[in-house]
Amino acid sequence: MSGPNVAKEPGPQGEESPVAHSPSPDEKKKREYKDFGHDEEKPTHANVDMSLIELKAEDLYDKEKVDLETIVIEDVFKLLQCDENGLGDEEAQRRIELFGPNKLEQEEQNPFLQFLSFMWNPLSWVMEGAALVAIVLSNGNNQPPDWEDFIGIVLLLFINSAIGFYEERNAGNAVKALMDSLAPKAKVKRNGTWLEIESSGLVPGDMISFKIGDIVPADCRLTEAINVSIDQAALTGESLPQSKKLGDQCFSGSTCKQGEAEGVVISTGANTFFGRAASLVGQDDDTTGHLQKILAQIGSFCLVSIGIFVIAEILVLYAGFRYSYRRGLNNILVLLIGGIPIAMPTVLSVTLAVGAQQLAKHKAIVTRITAIEELAGVTILCSDKTGTLTTNKLTIDRATIRTYGPFSADDVMLLAAYASRTENQDAIDSAVVQALGEVSRARAGIKLLDFKPFNPVDKRTEITYREESSGKLKRVTKGMTGIIIELCSRNKTEELENRLEADVEEFATRGLRALAVAYEELDGQDPEGEGNGFELIGLLAIFDPPREDTKQTIDDALALGVKVKMVTGDQLAIAKETGRRLGLGDHMYPAKVLKDGPAPGSKHLSLDEMILDADGFAGVFPEHKYEIVKRLQGLGHLCAMTGDGANDAPALSRANVGIAVEGATDAARGAADIVLTEPGLSTIVHAIRGSRVIFQRMRNYSIYACAVTIRIVVCFAILAFAFKFDFPPFMVLIIALLNDGTIMTLSVDRVLPSMTPDSWDLAEIFSYAVAYGIYLTASTVALVAIIMKTTFFYDKFGVTFNGRASPNGANDYQLHMIVYLQVAIISQALIFVTRSHGFFFMERPSVALLAAFCIAQLVSSIIAAYANFGFTQIQAISGGWIGIVWVWNLVWFAPLDWIKFAMKATVIKRLRERHEAAQAEQAITGVPITRTQSRAASIHESLYSNRVSFIRRAARKVGFGSKITMKPEELQRFSSIQAQRTGATLARNPSRTAA
């Protein structure tokens, strides 16, 4: 078994003796202290004739033949047709034309088309059709066009589009963020001379140079490396900076933490590791959002309801009653205007926008507001480890310090700090010194005489110092276990080595990196003199510790019904140890299982089952994270993904909800839907609870909107059929405007969040809507029937119609006004029933909702008392009639709660039992089903999508914007295949100056 070390290089392989003989026990012991982790790939030669540069494309794509990451550097130069003197200006320009600039493309949306796209869905189409009917088709029977209705409809449409357009234009662009985080400048050798250029001007074959603090401007192979350490955590998720030597690859976008390097560029722009992440971010532009699927099905419900009764009216009014063209059209307009919940996207947008402001108070910035609705239904949270669950800051685990001599753990800690730099520290020196608590102790009481910093050859640090209290010279070294134990000559016994080996192996299985410490004293006063021999005194464990609040956050998430999975680029042992410390579990797998599938004979029958059951995955690349999220979504789950690095961007984009944690890169923020501005994940729990509150508000509105559709369409169709009642379309617009004004306040209503993930059970919503709608229809039809067929109200209350006991026919202007007031009052009052789970008076609404309702009813009553709009066939009614309508509505409102309880006890109960039975069947058969009906395919879903498809088609037709080409191999694991394309292109386009 291999043990850990703290060095950034893979461990030594054991050195061959000059004389051939069997390895001694000491040599065996030395070889066993190899660093755990990724196997070191040895350089290979390309399995092709490198004298023939014109390689075939199929050869270049065959990793068995050529791999620019692992072939020796000499073959890389041959394949890329370059040398260490760099390219000439002419050749560099030619390659710019071949490979394009070293930056990511960005597609700009045309603002005008983007605005128009908000009117591109069936709900809007019906209203647009109604507007055309009002202005074009209504121009008949010697009557002018219906300008009032036309203006009112267009105003509603523009308000809705303007709100949506404003919100979407403010959303961040993920590809732009990725592009901006590329290194802006690069040092390159052209014509044998070093100069600084824009990094976008780099091409494959260029010689580049970078030093400590620089961002690597393109993927390259190192031709010179002096003590180089590269931080690529933001790309690969590895928590430790990686030492690089001659021939190693460095990724674009990673940061040089130590040393200086020169290298040859092997891939640029979209072909780099960094570019791959950018390509994946934009890959799902044509998918349909979850909220759009819900809108599609609610819209379909409303459209079908309206369509049935419009057809019925056309048949009955024209064929049966022989209505004139204009009279029948006005009746149809009433159904079109009143039945379509045109404000639904706007109301939901305002609800989400207000929710986003509330989440901002918890330090969560929402960049895509529809993600709030999806967060409420999230069942699985896929979390990156480095910097998300952990601090991304190396720490000494003081509880696991091992001692081997007379020194205590505190003594070992102090001596290790002596052997560390206090300035210009690398990550390990910083961790050791910080572990003391007081940094000044690392040099207190001693005089520094000589210090040897870490380097990839010796793999250790060493200090020689004078102890001020005794005047004695002493020496301490710390470093890789195998190196340190070889130095120890004093008190080294087989028992000690066995203990050390056992401790190193224990650390390795727990994912801890080991740092050995040794000590010796010098006899004289010569700092360079020989000591009395190093003695092993201790072993330190280095790890990336979990954030303080992470465990509580995970427990809270589990309590809310959300399962947490760790998905990290770090090593499997480290992932398991982190999982144990956080209570996540250690049932984790290496990334290779995503390609190979479950092992034969394992308990998992399929890869999907394994992914669902796992606590996490380790050693993953961007495509792996993307694939995990995609498969979980395919199983019917809504997934949230947290992360902080550019390597997380593809999965953040693919997930239903992408969450960039505090300190995340621009790339991660750009791809995410929610950006946290406080450390850790605790904000996510607040966000989940907050999103469920917002979800309840949207569900309440959806029931209300569908019920009002049924109520308007069925009610006015029946009145037309039964009494030839012609309600004026303009008054339906007034009802819609007042309703929407009140309903907007639902965005701040008081509701209780669910303790389980929310889902849109549309069958329940539609069932409630039909029940409420038919009941409210009965309240209006009964009132009109009593007025038309009897003189009950005149006899009891003395109210009249312009002095008459009964109305002057079904289309008496005052009767229109009575019906308007009755419909306006009780329709709005319905919201108090839909927003509550018990009796409406048991759950106090927000002050804003109550105030808006009262204002709307006051306006409705004032209109009823004073409005004499001749153009829309209404006339003011007396206070007596207004009072009668109010009392009538109160009488009919009281039983609404009982209808709700009756529905729960019958229809809703049956629906839930059927849903639970389907879930139980899934558990038995293992066959995945969609988690809610909302995820079923709908022929209208694409029409409610994020409008990207529409914008792109329209833009191409009229010449706006440019097309982005997606590579067919984009979902393959990132490998040198992108870089190999460089050689293929150069082979197809040989330089005119090439020999």
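Given the structure is predicted, the values throughout are model-derived calculations rather than measurements.

Considering the overall build of the chain
Part 1: A count of helical and extended segments in the chain gives 37 helices and 22 strands.
Part 2: Looking at the chain as a whole, 56% of its 995 residues are labelled buried.
Part 3: Summarising the internal contacts of the chain: among those between residues at least 6 apart in sequence, 75% fall at separations of at least 24.
Part 4: Entry remark: accessible area of the chain is about 41000 Å², with carbon and sulfur atoms responsible for 56%.

Examining the pattern of salt bridges
Part 1: Per the counting criterion, the structure on display carries 34 salt bridges.
Part 2: Of the charged contacts, one joins Lys211 and Asp214 as a salt bridge, the two residues approaching to 3.9 Å between their closest N and O atoms.
Part 3: Residue classification places Lys211 among the partly exposed residues on the basis of a relative accessible area of 44%.
Part 4: Across the pair Glu577 and Arg510 runs a salt bridge, and its minimum N-O distance is 3.2 Å. Of this pair, Glu577 sits in helix H21 (residues 572–582) while Arg510 sits in the loop between helix H19 (494–509) and strand E15 (513–522); the two residues are 67 residues apart in sequence, bridging distant segments of the chain.
Part 5: Classification of Arg510 by relative accessible area gives partly exposed; the value is 21%.
Part 6: Several salt bridges share partner residues, and in doing so they unite Asp397, Arg402, Asp503, Glu506, Arg510, Glu577, Arg580, Arg581 and Asp586 into one network.

Concerning the packing of aromatic side chains
Part 1: Applying the stated rule across the entire model yields 25 aromatic pairs.
Part 2: Ring centres of Tyr768 and Tyr772 lie 6.0 Å apart, and the angle between their planes is 15 degrees; on these two criteria the pair is classed as stacked. Taken together, the positions of Tyr768 and Tyr772, both in helix H29 (residues 762–789) and 4 residues apart, correspond to about one turn of that helix. A single burial state applies to Tyr768 and to Tyr772, both of which are buried.
Part 3: Ring centres of Phe793 and Trp888 lie 6.4 Å apart, and the angle between their planes is 75 degrees; on these two criteria the pair is classed as edge-to-face.

A few points about the pairing of strand E13 (residues 460–467)
Part 1: Among the 8 residues in E13, 6 count as buried, and that is most of the element.
Part 2: Sheet topology places strand E12 (residues 446–452) next to E13; 6 bridges connect them, and they run antiparallel. Looking across to E13, one finds that Lys452 is bridged to Glu462.
Part 3: Relative to strand E14 (residues 473–479), E13 runs antiparallel, the two being bridged by 7 bridges. Looking at the pairing, Thr464 lines up with Arg475 of E14.
Part 4: The turn joining E13 and E14, which pair antiparallel and follow one another in sequence, is formed by 5 residues; a positive phi near 80 degrees is taken by Gly471.

A closer look at empty space enclosed by the protein
Part 1: Inspection of every chain in the model, using the stated rule, returns 9 cavities of 30 Å³ or more.
Part 2: Elements represented by at least two residues in the lining of the largest cavity include exactly helix H12 (325–339), helix H27 (682–723) and helix H28 (729–743).
Part 3: Its residues placed into classes, the lining of the largest cavity shows 14 nonpolar, 4 polar and 1 charged.

Here's the deal with the packing of H12 against H28
Angle between the axes and distance between the axes are the two parameters that describe a pair of packed helices.
Part 1: Across the interface, H12 lies against H28 with an axial gap of 8 Å and an inter-helix angle of 10 degrees. Relative to H28, the element H12 is oriented roughly parallel. Counted together, Asn330, Leu333, Val334, Ile337 and Gly338 of H12 and Pro729, Val732 and Leu733 of H28 form the full contact between these two elements.
Part 2: Split into classes, the residues belonging to the contact of H12 with H28 amount to 6 nonpolar, 2 polar and no charged.

Comments concerning the sheet that holds strand E20 (residues 639–643)
Part 1: Taken in spatial order, the 8 strands of this open sheet run E8-E22-E21-E20-E9-E17-E19-E18, and their pairing is mixed. Strands at the two margins of the open sheet, each flanked by one partner only, are strand E8 (364–366) and strand E18 (588–590). Each adjacent strand pair in this sheet contributes to an overall mean axis angle of 20 degrees, direction not counted.
Part 2: Pairing analysis gives 2 bridges linking strand E17 (residues 563–567) to strand E19 (residues 616–618), with the strands arranged parallel. If you follow Met566 over to E19, its bridge partner there is Gly616.
Part 3: On the sheet, H21 packs against E17, E18 and E19 and is oriented at approximately 165 degrees with respect to E18.

Let's talk about the UniProt feature "transmembrane region" (unreviewed entry) in the chain
Part 1: With numbering aligned to this structure, UniProt lists the feature "transmembrane region" (unreviewed entry) at residues 298–320, 332–354, 701–723, 729–748, 769–793, 813–834, 846–867 and 873–894.
Part 2: With 91% helix and 0% strand, residues 846–867 has its two end C-alpha atoms placed 31 Å apart.

Examining the environment of Ile151
Part 1: Take Ile151: it is sitting in helix H7 (residues 147–169).
Part 2: Along the backbone, Ile151 and Ala131 are 20 residues apart, and their C-alpha atoms lie at a distance of 8.0 Å.

Conventions used here
- Residues numbered from 1 in each chain as written.
- Predicted model: local features only at pLDDT ≥ 70, side-chain atom pairs only at ≥ 80, totals over all residues.
- Heavy atoms only, no water.
- Helix = DSSP H or I, 4+ residues; strand = E, 2+ residues; numbered from the N terminus.
- Buried < 20%, exposed > 50% of the residue type's maximum accessible area, 1.4 Å probe, protein only.
- Contact = heavy atoms within 4.5 Å.
- Areas by Shrake-Rupley, 256 points an atom, 1.4 Å probe, with all protein chains shown as cover.
- Salt bridge = Lys/Arg side-chain N within 4 Å of Asp/Glu carboxyl O.
- Phe/Tyr/Trp six-rings, centres within 6.5 Å; stacked < 30°, edge-to-face > 60°.
- Pairing = 2+ DSSP bridges.
- 1 Å grid on protein atoms, 1.4 Å probe; cavity = no way out; pocket = protein on both sides within 12 Å on 5 of 7 lines; lining within 4 Å.
- Points joined across faces, edges and corners; volume = space filled by probe spheres on them.
- Nonpolar A, V, L, I, M, F, W, Y, C, P; charged D, E, K, R; others polar.
- Axes fitted to C-alpha atoms, helices over the stretch in contact; angles between N-to-C directions.
- Parallel < 35°, antiparallel > 145°, perpendicular 65-115°, else oblique.
- UniProt positions renumbered as here; feature names shortened; annotations may be inferred.

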